[in-house]
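Descriptive structure summary
Listed below are the residues making up each chain.
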Amino acid sequence: MLTLASEIEVLARFGRALSDPIRCRILLALRDAPAHPAELAEALGISRTRLSNHLACLRDCGLVVAVPVGRRTRYELADPRFGQALDSIRTAVVAVASEPACADAAEEGCC
């Protein structure tokens, strides 16, 4: 069982993973379906090298897993609940971001 301190560290790691727009796009793409790196790179319009670095980060955070399929590797979310969590977070963040106070804070460089 995790202690409160370790739970906070896990949440902070999750936040760092979400702090990069490309990693967010990767997670959202994998929420829809598992994919091979070449497919992800093409869909996201980034180089395979750049994608590989982001996938390594997401693997290290425990958010995605690499599944060998013959001679290729397919990536998928480590737990289907991550997809549900992403949907919930996205809905909440978009709702709050549309409120005037949040827009004012963003203009001031807060978020």
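Above this text is the structure in question.
Residues numbered from 1 in each chain as written. Predicted model: local features only at pLDDT ≥ 70, side-chain atom pairs only at ≥ 80, totals over all residues. Heavy atoms only, no water.

**A short note on the overall build of the protein**
The helix and strand tally for the protein stands at 6 helices and 2 strands. In terms of overall dimensions, the protein has C-alpha extents of about 50 × 40 × 20 Å along its principal axes. The 111 residues of the protein split such that 23% are buried. At a minimum sequence separation of 6, the contacts of the protein that also span at least 24 residues come to 47%. Carbon and sulfur atoms provide 58% of the accessible area of the protein, an area that totals close to 7400 Å². (Helix = DSSP H or I, 4+ residues; strand = E, 2+ residues; numbered from the N terminus. Buried < 20%, exposed > 50% of the residue type's maximum accessible area, 1.4 Å probe, protein only. Contact = heavy atoms within 4.5 Å. Areas by Shrake-Rupley, 256 points an atom, 1.4 Å probe, with all protein chains shown as cover.)

**Digging into the pairing of strand β2 (residues 72-77)**
For strand β1 (residues 64-69) and β2, the ladder comprises 6 bridges, and the chain directions are antiparallel. Counterpart to Ala66 in the pairing with β2 is Tyr75. Hairpin geometry of β1 and β2 is characterised by an intervening segment of 2 residues between the two adjacent antiparallel strands and by a positive phi of about 65 degrees at Gly70. (Pairing = 2+ DSSP bridges.)

**Remarks on helix α3 (residues 37-44)**
Taken residue by residue, α3 has Leu40, Ala41 and Leu44 as its buried positions. End-on view of α3: buried residues confined to an arc of 100 degrees, all on one side of the axis. Residues of α3 that are exposed and point more than 90 degrees away from the buried face comprise Glu42 and Ala43. Looking at the packing, one finds that the buried side of α3 touches α2 (21-32) and α4 (48-60). Downstream of α3 by a residue or two, Gly45 has a phi angle that is positive, lying close to 70 degrees. (Arc of directions from axis to C-beta.)

What is shown is where atoms sit, not what they do.
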